[in-house]
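Coordinate inspection notes
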Amino acid sequence: MPLTPIDAPDAPPVAVEVVLLRHDSTEGFTYRRLVTAPCRRMSPDRVARSLALLDEDSDMHVVHSTSWRATHQGGITLTYLVHPDPAPDRPGTPLLEPHVIARPPRPGHPTPPGMEMDHVVAHAVRHLAFLEGSDPTVAAHLSTYPELVRSLRSLPSTTAGEVQYVRPVLLRTTPATARRKAAASSFSSATVAVQSASW
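Reading the values: the criteria
- Residues numbered from 1 in each chain as written.
- Predicted model: local features only at pLDDT ≥ 70, side-chain atom pairs only at ≥ 80, totals over all residues.
- Heavy atoms only, no water.
- Helix = DSSP H or I, 4+ residues; strand = E, 2+ residues; numbered from the N terminus.
- Buried < 20%, exposed > 50% of the residue type's maximum accessible area, 1.4 Å probe, protein only.
- Areas by Shrake-Rupley, 256 points an atom, 1.4 Å probe, with all protein chains shown as cover.
- Expected span 1.5 Å × (residues − 1).
- Salt bridge = Lys/Arg side-chain N within 4 Å of Asp/Glu carboxyl O.
- Core = buried A, V, L, I, M, F, W, Y, C linked by side-chain atoms within 4.5 Å.
- Contact = heavy atoms within 4.5 Å.

**Remarks on the overall build of the protein**
When helices and strands are counted, the protein shows five helices and five strands. Listed by position from the N terminus, the elements making up the protein come as β-β-α-β-β-β-α-α-α-α. A burial count over the protein gives 30% of its 199 residues as buried. On the protein, roughly 13900 Å² of surface is accessible, and the fraction owed to carbon and sulfur atoms is 58%.

**Focus on helix α2 (residues 117-134)**
A rise of 1.5 Å per residue sets the reference length of α2, with its 18 residues, at 26 Å; its end C-alpha atoms lie 26 Å apart and thus fit the reference within 8%. Counting buried residues along α2, 14 of its 18 residues qualify, which places the element largely inside the surrounding structure.

**Description of the pattern of salt bridges**
Going through the model one piece at a time under the given rule, you end up with six salt bridges. Between Asp85 and Arg32 there is a salt bridge; the shortest N-O distance is 2.8 Å. One end of the pair, Asp85, is in the loop between β4 (76-83) and β5 (93-94); the other, Arg32, is in strand β2 (residues 28-36), and 53 residues separate them in sequence. On the basis of relative accessibility, which here comes to 5%, the residue Asp85 falls in the buried class. Classification of Arg32 by relative accessible area gives buried; the value is 10%. When the shortest N-O distance is used, the salt bridge between Glu132 and Arg153 registers 2.8 Å. On the criterion of sequence distance, the pair formed by Glu132 in helix α2 and Arg153 in helix α4 (residues 146-153) is long-range, its members being 21 residues apart. Three or more residues joined by partner-sharing salt bridges are found here, namely Glu17, Arg33 and Arg69.

**Remarks on the nonpolar core**
Soluble globular proteins tend to pack their nonpolar side chains together in the buried interior. Among the nonpolar cores identified, the biggest contains 21 residues, and Phe29, Val121, Val125, Leu128, Leu142 and Leu152 are the most heavily contacted of them. If you list the elements that add at least two residues to this core, you get β1 (14-24), β2, α2, α3 (136-142) and α4. The element that contributes the greatest number of residues to this core is α2, accounting for eight residues. The contact partners of Leu142, leaving out residues within four places of it in the chain, are His83, Leu128, Glu132, Leu148, Val149 and Leu152. With nine residues, the next largest nonpolar core counts Val16, Leu20, Ala52 and Leu54 among its residues.

Geometry only, nothing functional implied.
Structure representation (structure tokens):
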């Protein structure tokens, strides 16, 4: 089935939501929320940067899309996180429980009931924590905010899109397994010795 073009007349309405994040070692996380409808043919990334009043060529802020959600009216809200808040003196909303993530009670119904803005922001903060450990560009930006990095690393590490690997099961060693391991170890040692001699 072909993808619906972005300018199709029946495309659902899209809103761009920007979470402007700041952090204080004493007060914790605080955020401001801005939202707008993008102009036609204007990318959501550009809308988010414009909404945050960032210069087009500036790389002083992290701008990252962290989630999307459907509205009751059938539209789509794209959420972007921006750090740091370019206007930190403006009133913000404290994120009292950054550890709390909204989760659905049933595996086949992905939208959590009773989801609030704090849940969206907590998810965005958790996403930022994941990027701090996996994206060198984001990590370099955040390295100049050591208190923020400490707070991010104190959060649970699981985030949306991260694959959880099952820990390997330790098998009981049998005499046959021990002989195979010993043979493999001897082969590896001999190989290393040969390589060392050739260097």
